[in-house]
Amino acid sequence: MKINLIKGDITKFKVDAIVNAANSSLLGGSGVDGAIHRAGGPAILEACQHIRNKQGSCKVGEVVISTAGNLPAKKVIHTVGPVYQIGKNNEKEKELLANCYQNSMLLAKENGLTSIAFPNISTGIYRFPKQVAAEIAIITVQNNPILEEVNFVCFDEENHTIYKKLLSNE
Ligand code: AR6
């Protein structure tokens, strides 16, 4: 399994599946979710509405797959990250964040996909501490060599610096 680190916008990424940091409604939002729906066009929302009609909302740590619409990627995997509760120990949230990464890779594999790109799930609006979230993301991917290629796409400088340090210490 190859692990790559990229700084940039995940919507520009040509890979089998890009992962969206969605919310349980699956109906879009701001942050990377907003960017994916904007760049991918209405086909993604239509597909998500169809999924919702069939199975209801998406739980934290779980995943669904849709068309990528106009994006260069083949598919979008939508996962719902946990909201970090400041001042609590957040052990459950850490486990749920790991589930997001693991379940995304498993769903990609089930769909015959071999490469994936992840944003830094939960580290924006859901305020997960970036260092802890990066450690969980990297360990989960390394312990589950399910796909051929995993790309960590960092949008902000802080996440990029954290990932660079963690991945170069291997
Ligand atoms: N490409 C890659 N990463 C991005 C992009 C982009 N175009 N834009 C932002 N990021 P967030 P969350 C990074 O807030 O914390 C939405 O409203 C950003 O720098 O998008 O999981 C959903 O609907 C940050 O590091 O997701 C949910 O309601 C990372 O993406 C909620 O936000 C995640 O930030 C989910 O919150």
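Residues numbered from 1 in each chain as written. Predicted model: local features only at pLDDT ≥ 70, side-chain atom pairs only at ≥ 80, totals over all residues. Heavy atoms only, no water.

**Here's the deal with the environment of Pro129**
Filter applied, for reference: Strands here mean DSSP runs of E at least two residues long; helices mean DSSP runs of H or I at least four residues long; both are numbered from the N terminus.
If you trace the backbone, Pro129 turns up in the loop between β5 (115–118) and α4 (130–143). Between the C-alpha atom of Pro129 and that of Tyr84, which follows or precedes it by 45 residues, the distance is 8.0 Å.

**What to know about helix α2 (residues 42–55)**
Quick reminder of the rule: The length a helix should cover is 1.5 Å for every residue beyond the first. Three exposure classes are used, based on accessible area relative to the maximum for each residue type with a 1.4 Å probe and protein chains only: buried under 20%, partly exposed in between, and exposed over 50%. Arc, as used here, means the arc of the directions from the helix axis to the C-beta atoms. Contacts are residue-level and defined by heavy atoms, with any inter-residue pair within 4.5 Å sufficient.
End to end, α2 covers 20 Å across 14 residues, agreeing with the expected 20 Å (1.5 Å per residue, within 8%). For α2, the set of buried residues is Ile44, Ala47, Cys48 and Ile51. Around the axis of α2, the buried residues are gathered within 100° of arc, so they sit on the same side. Residues Pro42, Glu46, His50 and Asn53 are exposed on α2 and point more than 90 degrees away from its buried face. Buried residues along α2 sit in contact with α1 (31–40), β3 (63–67) and β4 (75–80). One or two steps after α2, the chain reaches Gly56, where phi turns positive at roughly 80°.

**Focus: helix α3 (residues 91–110)**
A rise of 1.5 Å per residue sets the reference length of α3, with its 20 residues, at 28 Å; its end C-alpha atoms lie 28 Å apart and thus fit the reference within 8%. One or two positions beyond α3, positive phi appears at Gly112, with a value near 75°.

**Section: the packing of aromatic side chains**
The cut-off we apply is this: Two aromatic rings from Phe, Tyr or Trp, using only the six-membered ring of Trp, form a pair when their centres are within 6.5 Å; if the ring planes differ by under 30 degrees the pair is stacked, by over 60 it is edge-to-face, and anything between is tilted.
For the structure shown, the criterion picks out four aromatic pairs. Look at Tyr101 and Phe118: their rings are 4.7 Å apart centre to centre, the planes differ by 50°, and that puts the pair in the tilted class. In this pair, Tyr101 sits in helix α3 while Phe118 sits in strand β5, placing the two residues 17 residues apart along the sequence. For the pair Tyr101 and Phe118, a shared accessibility class is recorded, and that class is buried.

**Things to note about the sheet that holds β4**
Quick note on the threshold: Here, strands pair whenever DSSP counts at least two bridges between them. Here the axes come from fitting lines to C-alpha atoms, over the contacting stretch only for helices, and the angles between their N-to-C directions go from 0 to 180 degrees.
Spatial strand order, β1-β6-β5-β2-β4-β3: six strands in an open sheet with mixed pairing. Each edge of the open sheet carries a strand with a single partner, namely β1 (2–7) and β3. Pairs of neighbouring strands in the sheet enclose a mean axial angle of 25°, with direction left out of account. Its contacts with the sheet put α4 on β1, β5 and β6 (149–154), and the angle it makes with β6 is roughly 170°.

**Some remarks on the pairing of β4**
Within β4, five of the six residues are buried, leaving the element largely enclosed by the surrounding structure. Pairing geometry for strand β2 (residues 17–22) and β4, over six bridges, is parallel. Counterpart to Ala17 in the pairing with β4 is Lys75.

**Structural notes on the confidence of the model for the chain**
Basically, it comes down to this: Confidence scores here are pLDDT values: one per residue, from the predictor, ranging 0 to 100.
Averaged over the chain, the pLDDT score is 97; the fraction of residues at 70 or greater is 99%. Scoring the predicted complex yields pTM 0.98 and, for the interface, ipTM 0.99.

**Some thoughts on unusual backbone geometry**
A negative phi holds for most residues other than glycine; trans holds for most peptide bonds. Residue Asn90 is not a glycine yet carries a positive backbone phi of 60°. With respect to the helices and strands, Asn90 occurs in the loop between β4 and α3. A positive phi angle, close to 70°, is found at Ser122, a residue other than glycine. In this structure, Ser122 sits in the loop between β5 and α4.

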